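Architecture and fold: a report
The primary structure of each chain is shown beneath.
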Amino acid sequence: MAKPLVSLDDFEQHALRNLDRNALDYYRSGAQDMITLRENQRAFDRVFIRPRVLRDVSTVSLSTTILGQHIASPICIAPTAMQRMAHPDGELATARAAERRSTCMVLSSWSTTRIEDVAVGSGAKWLQLYVYKDREATRRLIERAQDSGYTAIALTVDTPFLGRRLPDIRNRFRLPPHLTMANFVDQGKAQVGAADNASGLAAYVASQIDPTLNWSHVQWVKSVARIPVLVKGILTAEDARLAVDAGVDGIVVSNHGGRQLDTVPATIDVLEEVCRAVDGRIEVYLDGGVRRGTDVFKALALGARAVFLGRPVLWALNYNGEDGVVEMLDMINEELRLAMSLAGCVSVTDITRSHVTIPNQPRL
């Protein structure tokens, strides 16, 4: 009899045994020496919870809102590309799981399922956006998302070029021939083939994504979109203030899962800096390294409105499709509920900066 899965790491261990090398290395690798990738998780261990006791925690609610839209929990689903390499149902299974658990899913532009096909249910659904050299292709993505009921655009701002991911270079990563970047089938941008001595995705980004990306592009996206626009990939107070000045509706503190510039800080290490710079003017979210309910608690205490899970969704998808993602979400949500109970918090608004301490933290 198979052992039960009892942590998010167990889902990853299953994927390590079952995914093919091309997909596994693409999903799990980080940039260069993968220092930031490792730090994203390790940094949470340097944050300690200060529990309050003798509180009535018989009823605990995880519900919250993001951009004014209700979600059942502050644990959401980050954009991860090419999910049908993990499971045949890919992004559609993930979207159905998010709908079943009333949380937000962010669909990657590089989805292997069309924007329209993933627009299931009425829950919070955002589109992650890259700015292509072909500006009309970018415009069409925004318009298709709006027409399909997506409620926000998350503009990725840390990828003028793709980070140097050594496993993908060694494997000459390519999208399997039976799959496509489904949102670009009619535009000649749907294939990611093997490149000579390189990652096929790196070659794709170099040929398609606009390296002149700057704040004027943010203004252009805002001019096209009729729905809120967030910027994803902010790691400094300076850029956070510029984002507020640009009029964006939210910030995702993200280092792209440690996949872009190696040796940048872990996201939890810079979250408070960004939140202080924003000073409550817009909502701030976090992705990167979240693996436990206590991680979620710490991120909320340091100022995040919600967190987004990336790789754990892929591992759960590989484990058992839609039901696997639901199981994973239930697991980490119950961990958060327990952490809140033991820390004396009955709602996410009860979680404050006073609930965590960071020994030897330098003054900002």
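Check the entry above for the structure.
Here is a short report on the structure shown in this document.

All told, the structure shown has 17 salt bridges when counted by the stated rule. Close ionic contact of R101 with D330 constitutes a salt bridge, the shortest N to O distance being 2.6 Å. One end of the pair, R101, is in the loop between α4 (90-100) and β5 (105-107); the other, D330, is in helix α13 (residues 311-343), with 229 residues separating them in the sequence. Where D117 meets R114, a salt bridge forms, and the shortest distance between an N and an O atom there is 3.1 Å. On the accessibility criterion, R114 (35% relative accessible area) is partly exposed. Residues joined by salt bridges that share partners form a network here, namely R114, E116, D117 and R144.

Okay, the nonpolar core next. Among the nonpolar cores identified, the biggest contains 110 residues, and W110, I153, L201, I251 and L271 are the most heavily contacted of them. For this core, the leading source of residues is α13, giving 14 residues. Ignoring sequence-local partners within four residues, the contact set of L201 consists of Y26, M82, W110, L162, R165, F173, M181 and V192. Residues I71, A78, A152 and V252 belong to the second largest nonpolar core, which totals 15 residues.

The subject of this paragraph is the pairing of strand β11 (residues 306-309). In β11, alternate side chains face the same way, and those of A306 and F308 on one face and V307 and L309 on the other are all buried. Note: strand β10 (residues 283-287) against β11, three bridges, orientation parallel. In the strand pairing of β11, Y285 is matched with A306. One crossover worth recording links β10 to the parallel β11 by way of helix α12 (residues 293-301), and it is right-handed.

The rules behind each value
- Residues numbered from 1 in each chain as written.
- Predicted model: local features only at pLDDT ≥ 70, side-chain atom pairs only at ≥ 80, totals over all residues.
- Heavy atoms only, no water.
- Salt bridge = Lys/Arg side-chain N within 4 Å of Asp/Glu carboxyl O.
- Helix = DSSP H or I, 4+ residues; strand = E, 2+ residues; numbered from the N terminus.
- Buried < 20%, exposed > 50% of the residue type's maximum accessible area, 1.4 Å probe, protein only.
- Core = buried A, V, L, I, M, F, W, Y, C linked by side-chain atoms within 4.5 Å.
- Contact = heavy atoms within 4.5 Å.
- Pairing = 2+ DSSP bridges.
- Right-handed = clockwise from strand over helix to strand, strands pointing away.

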